[in-house]
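Report on the structure
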Amino acid sequence: MKNIIDITKKYSPIPFTEEQEKQFYAVAEGLKRIEGNLNVTDLKTDEEIALLHFVDSLSPLKTGLFKGKSVIDVGCGAGFPALVVGAYDTSVNVTALDSTKKKVDFVSLCADRAKLDNIFGLCARAEECGKRECFDTVLSRGVARLN
């Protein structure tokens, strides 16, 4: 896990504190220890995980638009960017939305292991959630076509 954090640090678009580094480590540890049994991401190497999950998820935080906001990660998959955004800024309330229960359960388990009580998993279709929920910001890295 240390290698994932070292690579993330090297390529991160924004600096992070030692406390944030500990949170990222806990998320990476959850990903490496739990994911193999659930198969929620295709990324396996430390470099892939660091660059395509952590560094990519840190990029939107450069805007400074998230502090104290409610954010939804539509199609959260393995929890990126939800887990990284929530770990980086605990003032952000993050809802990790996916229509696949095992993915939402995985994100919730990783958030629990990292002691991130600002991340909530929600198993639902985006089309339905949009009719009953309201968020300040929407994030999404790769979802199927929305009806």
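Here, the structure is the one placed above.
So, here's what we can say about the structure.

This next bit is on the packing of aromatic side chains. What characterises a pair of aromatic rings is the spacing of the ring centres plus the angle enclosed by the ring planes. All chains considered together, the criterion is met by 3 aromatic pairs. Relative to Phe24, the ring of Phe16 has its centre 5.0 Å away and its plane inclined at 80°; by these criteria the two rings are edge-to-face. Overall, the relative accessible area of 16% leaves Phe16 in the buried class. By relative accessible area, which is 1% here, Phe24 ends up buried.

A word on helix H5 (residues 101-113). Between its first and last C-alpha, H5 extends 18 Å over 13 residues, near the 18 Å set by a 1.5 Å rise per residue. Listed as buried for H5 are Val104, Phe106, Val107, Cys110 and Ala111. The arc that holds every buried residue of H5, seen down its axis, measures 160°, which confines them to one face. Turned more than 90 degrees away from the buried face of H5 sit Lys101 and Asp112, all of them exposed. Just downstream of H5, Lys115 is the residue with a positive phi angle, here 60°.

Attention now goes to the pairing of strand S1 (residues 70-74). Judged by how many residues are buried, S1 sits mostly within the fold: 4 of 5 residues are covered. Pairing of S1 with strand S2 (residues 93-98), which is carried by 5 bridges, proceeds in the parallel orientation. Among the inter-strand pairings, Asp73 is bridged to a residue of S2, identified as Ala96. Traced from S1 through helix H4 (residues 82-88) to S2, the parallel crossover comes out right-handed.

Here we take up the sheet that holds S1. An order of S3-S2-S1-S4 is seen for the 4 strands of this open sheet, with the pairing classed as parallel. Across the chains shown, the open sheet's two edge strands, defined by having one partner strand only, are strand S3 (119-123) and strand S4 (137-139). Sheet twist, expressed as the mean angle between neighbouring strand axes with direction ignored, is 25°. Pairing of S1 with S4 involves 3 bridges; the strand directions are parallel. From the neighbouring strand, Val71 faces S4, where its bridge partner is Thr137.

The rules behind these values
Throughout this description, residue numbers start from 1 for each chain and increase along the sequence as written. Where local features are concerned, this predicted model is filtered to residues with pLDDT of at least 70; where side-chain atom pairs are given and counted, the filter is 80 or more; whole-chain, interface and lining totals use all residues. Hydrogens and waters are ignored; side-chain quantities use all the structure's heavy atoms. By convention, a stacked pair of Phe, Tyr or Trp rings (six-membered ring in the case of Trp) has centres within 6.5 Å and planes under 30 degrees apart, an edge-to-face pair has planes over 60 apart, and any other such pair is tilted. Note on classification: 1.4 Å probe, protein chains only; a residue is buried when its accessible area is under 20% of the maximum for its type, exposed when over 50%, partly exposed between these limits. Helix and strand assignments come from DSSP, with helices taken as H or I runs of at least 4 residues and strands as E runs of at least 2, each series counted from the N terminus. By this rule, a helix spans an expected 1.5 Å times one less than how many residues it contains. Taking the helix axis as origin, the arc is that swept by the directions to the C-beta atoms. Strand pairing is assigned whenever DSSP identifies at least 2 bridges connecting the two strands. Viewed with both strands pointing away, a crossover whose connecting path from the first strand over the helix to the second turns clockwise is right-handed. Lines are fitted to the C-alpha atoms to define the axes, a helix being fitted only along its stretch in contact, and any angle between axes, read from their N-to-C directions, falls within 0 to 180 degrees.

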